[in-house]
Amino acid sequence: MKPSDILKPYRKAAPILGYRANAWITLLTLLEAGPDGLTKAELMNHYSLFGDGAHTALTRWHRKGWLDVSKKACRGENGSRPSMVYISTEELRAFLTDGMEGITPADILTRYNQIAPALKKRANLWITFLTLCEAGSDGLSKADLLNHYAANNRKQTNTLHLWEHAKLVTPQIVAARGNGSGRPRTFYTPTPKLHTFLRVGMEEAA
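Residues numbered from 1 in each chain as written. Predicted model: local features only at pLDDT ≥ 70, side-chain atom pairs only at ≥ 80, totals over all residues. Heavy atoms only, no water.

Undergrad: Honestly, the packing of aromatic side chains in this entry has me stumped. Any pointers?
TA: When we look at a pair of aromatic rings, we describe it by the centre distance and by the angle of the planes. As enumerated under the stated definition, the model contains four aromatic pairs in all. A centroid spacing of 4.4 Å and a plane angle of 15° characterise the contact between W66 and F95, whose relative ring orientation is stacked. With a gap of 29 residues between them, W66 in the loop between α4 (54-63) and β2 (67-72) and F95 in helix α5 (residues 90-97) connect regions that are remote in the sequence. For W66, a relative accessible area of 6% gives the class buried. In this structure F95 comes out as buried when scored by relative accessible area, which is 14%. Consider the rings of Y112 and W126, whose centres lie 5.3 Å apart with planes at 55°: the pair is tilted. Here Y112 is found in helix α6 (residues 105-115), whereas its partner W126 is found in helix α7 (residues 123-135), with 14 residues between them in sequence. This pair shows no difference in class: Y112 is buried, exactly as W126 is. (Phe/Tyr/Trp six-rings, centres within 6.5 Å; stacked < 30°, edge-to-face > 60°. Helix = DSSP H or I, 4+ residues; strand = E, 2+ residues; numbered from the N terminus. Buried < 20%, exposed > 50% of the residue type's maximum accessible area, 1.4 Å probe, protein only.)

The structure is reproduced here in structure tokens:
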């Protein structure tokens with residue numbers, strides 16, 4: 001599995017999900033749960049939707065026809081409130097699998113779940129690193145690296161310094177085009193260490 005295999009279906013879904021990669025992972029997990037579904041706690045606690053309230057997200061997805069809701073009796077004393085269970089629909093399956101060729105949602109989740117602890121479950125960071133590896137020696141500008149893929153936007157400079165210190169990215173200064181009056185731009189390319197870090201999870205899951 002190549003980075004582009006994962007990125008293609010993500011890019012199809014991303015605009016509709018507000019480029020929230022964690023929402024994408026959450027919905028893929030719901031899809032894999034099948035008819036048993038997942039409770040709100042299972043959906044949100046394991047795959048936290050950063051920057052989006054859980055109730056708001058679930059309401060929006062329900063209105064889109066992506067999930068059904070049912071009640072499940074709680075164990076324990078009588079009178080306990082039933083749990084709300086969310087179940088994926090065929091509309092969600094069609095939406096998420098658009099762009100998947102030769103892979104399944106389970107393939108993507110297996111790779112992500114192996115690497116998620118090291119990334120503190122920041123799915124957008126995983127997507128960012130995959131995108132950087134896909135770009136290869138051409139690299140990505142700071143804007144592409146941080147703004148388009150929302151990798152810790154509140155601490156952009158610190159984030160890049162951390163990645164450099166960890167030897168995951170290499171900065172390259174590129175002279176401005178034209179008469180040279182513009183500022184030079186910085187591009188970032190993946191290091192062999194980043195390639196190895198991302199490939200390990202993929203190879204072990206293969």
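Undergrad: Teacher, can you tell me more about unusual backbone geometry here?
TA: Trans peptide bonds make up most of the peptide bonds, and negative phi angles are found at most residues other than glycine. Backbone geometry places K120, a non-glycine residue, at a positive phi of 55°. Looking at the element boundaries, K120 is found in the loop between α6 and α7. Given the relative accessible area of 63%, K120 is considered exposed. Although it is not a glycine, K167 sits at a positive phi angle of roughly 60°. Relative to the helices and strands, K167 is located in the loop between α9 (156-165) and β5 (169-174).

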